[in-house]
Amino acid sequence: MIRRTFLALTTAVFAGDRSSTDLKCYELRIYQAAPGKRDALIERFRAHTDRLFARHGIERLGYWVPVDPADNAFVFLLAYPNRAERDTRWEAFRNDPEWQAARKASEAGGPLLTGSESILLGATDYSPAVVAAAKSPERVFELRTYKTPAGRLAALNARFRDHTVALFSKHGMTHIGYWLPLDATKGADDTLIYLLAHASPAAAAGSFKAFRVDP
């Protein structure tokens, strides 16, 4: 199974040289905004949440919204030194009185979210090192989730490591990161999640068309 979502960047991002020693714990969070509330959610991040993440040592790698106007999601990627630190730092953020006050004030007219998902991730050994950048060029991002048949995840990773990543580069795609879920309930045994960047959705379509027919 393949799931893909095109995203527009709302802040800055990333991508460094490939690293096989990335031991960080990444967290992909997908928030579903209540109808008419996504702008308020983004404003809360801009005015409070992002700064409070920094206060508690949570590395912010990117914030996005889907290109599809019918999709009311808000997507962001965080990083921590390891999973234990993730739990410690996230709990400190949640209990911060400033965050609690900001959340209460922003939800005076009702909740900003109808649902949320959190997926803890570890980098594959072929993923680039993901680092925050001060500025990012104008482009779109493509979040792709692959689910394999039972027992086939290692083969999929081998194909990406030995062939797919290089061919993506050949056809003009920019690698952001390749990750595996840490928890079985989120697909640790059968799921690959990765993020690419393109100049535009049309450029993405052209790159994948060329990739698919590459001998």
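Residues numbered from 1 in each chain as written. Predicted model: local features only at pLDDT ≥ 70, side-chain atom pairs only at ≥ 80, totals over all residues. Heavy atoms only, no water.

S.K.: Just give me the short version of the overall build of the protein, but keep the residues and values in it.
M.R.: In terms of helices and strands, the protein carries five helices and eight strands. Ordered by position in the sequence, the α and β elements of the protein form the string β-β-α-β-β-α-α-β-β-α-β-β-α. Taken over 215 residues, the protein has a buried fraction of 43%. Carbon and sulfur atoms form 54% of the exposed surface of the protein, whose accessible area is close to 10600 Å². (Helix = DSSP H or I, 4+ residues; strand = E, 2+ residues; numbered from the N terminus. Buried < 20%, exposed > 50% of the residue type's maximum accessible area, 1.4 Å probe, protein only. Areas by Shrake-Rupley, 256 points an atom, 1.4 Å probe, with all protein chains shown as cover.)

S.K.: Account for the nonpolar core, with residues named and values stated.
M.R.: Where a protein is soluble and globular, its nonpolar side chains tend to be buried together. Grouped together as the largest cluster of nonpolar side chains are 20 residues, with contacts concentrated most on F45, F53, F74, F76 and W90. Among the secondary structure elements, those contributing two or more residues to this core are β2 (25–33), α1 (38–55), β3 (59–66), β4 (73–80) and α2 (83–95). Take this core: its biggest share by element is five residues, from α1. Residues within four places of F45 in sequence aside, it is in contact with Y31, D50, F53, Y63, F74 and F76. By size, the runner-up hydrophobic cluster in this structure holds 19 residues, among which are L61, L77, L143 and I193. (Core = buried A, V, L, I, M, F, W, Y, C linked by side-chain atoms within 4.5 Å. Contact = heavy atoms within 4.5 Å.)

S.K.: Describe the side chain of S127, with residues and values.
M.R.: For S127, the position within the fold is in the loop between β5 (113–123) and β6 (140–147). With relative accessibility at 1%, the residue S127 sits in the buried group. Reaching out from S127, the side chain makes a polar contact with the backbone nitrogen of Y178 at a distance of 3.0 Å. (Polar contact = N/O pair within 3.5 Å; in protein donor to acceptor, adjacent residues only side chain to side chain.)

S.K.: Report on the pairing of β5, specifying residues and quantitative values.
M.R.: Two strands pair when backbone bridges link them, and β2 and β5 are joined in this way by eight bridges, in the antiparallel orientation. Residue pairing across strands places R29 opposite S118, the latter belonging to β5. Both β5 and strand β7 (residues 174–181) contribute to a ladder of three bridges, which runs antiparallel. For G122, the partnering residue across the bridge sits in β7 and is L180. (Pairing = 2+ DSSP bridges.)

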